[in-house]
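Structural description and commentary
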Amino acid sequence: IAMFTKLRERYVGHPSRLLCSIFTAKIRYETKHLFVAGTSMDYRLPPDTVSTLSMKASVSAEVWSDPIATLSGNVFWGQFPDVDSVFGGLEPFGKEGSEGILVKHGGSVCVVPPVYSTVASHYMQRMNDILGLADQNRVPVSFCVFLRAECFLDWSNAPKIGRAHV
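Below you will find a few notes about this structure. Here the structure is a predicted model, which is why all the values come from computation and not from measurement.

Some details on the overall build of the protein
Within the protein, the regular secondary structure consists of 6 helices and 4 strands. Against the compact-globule benchmark of 15 Å for 166 residues, the protein has a radius of gyration of 16 Å, which places it among compact chains. The principal-axis extents of the C-alpha atoms in the protein amount to approximately 55 × 40 × 30 Å. Classification of the 166 residues of the protein by burial places 34% in the buried group.

Section: the sheet that holds strand β3 (residues 107-111)
Taken together, the 4 strands give an open sheet; going across it, the order is β2-β1-β3-β4, and neighbouring strands pair in parallel fashion. Each edge of the open sheet is held by one strand with a lone partner, namely β2 (75-77) and β4 (141-145). Within the sheet, the average angular offset between the axes of one strand and its neighbour, ignoring direction, is 25°. Where β3 meets β4, 5 bridges bridge the pair, whose relative direction is parallel. Within the sheet, the bridge partner assigned to Val111 lies in β4 and is Val145.

About the criteria used
- Residues numbered from 1 in each chain as written.
- Predicted model: local features only at pLDDT ≥ 70, side-chain atom pairs only at ≥ 80, totals over all residues.
- Heavy atoms only, no water.
- Helix = DSSP H or I, 4+ residues; strand = E, 2+ residues; numbered from the N terminus.
- Rg over C-alpha atoms; globule rule 2.2 N^0.38 Å.
- Buried < 20%, exposed > 50% of the residue type's maximum accessible area, 1.4 Å probe, protein only.
- Pairing = 2+ DSSP bridges.
- Axes fitted to C-alpha atoms, helices over the stretch in contact; angles between N-to-C directions.

Interpretation in functional terms is not warranted from these geometric data alone.
Laid out in structure tokens, this is it:
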């Protein structure tokens, strides 16, 4: 019942399509979970962690999330735009222009990028670009990023704190 209520509150589509949209989202994400469960592609932060980030770091947006797992009230960049959009989901994070809301309004974002090094690198570049644009617009933006070890295929060039810069 809690999941139904949460999705009903997020729903922005045509009222007559609510149940069909909930069913579609649930099946899509359950099917994805069947394929990735127990693999390195099965990554998401526990709900308690996201809740703590929301309270302590003012996180109000989540990247690579879904309408079921996203904390109520948070904005999210989804994985399946055709399903996520009717629940308020934004285009996938790395897509050009999908981050405009941050540059205009600011915010604190929780990011758990996919484990593919190319995609993780693209996400990091987009975050760097957003920080630069937000700075130009004098809009506060922060990212709370969780990178899995699988994101780094070349450990001879492993990330070091001294190389971090914006």
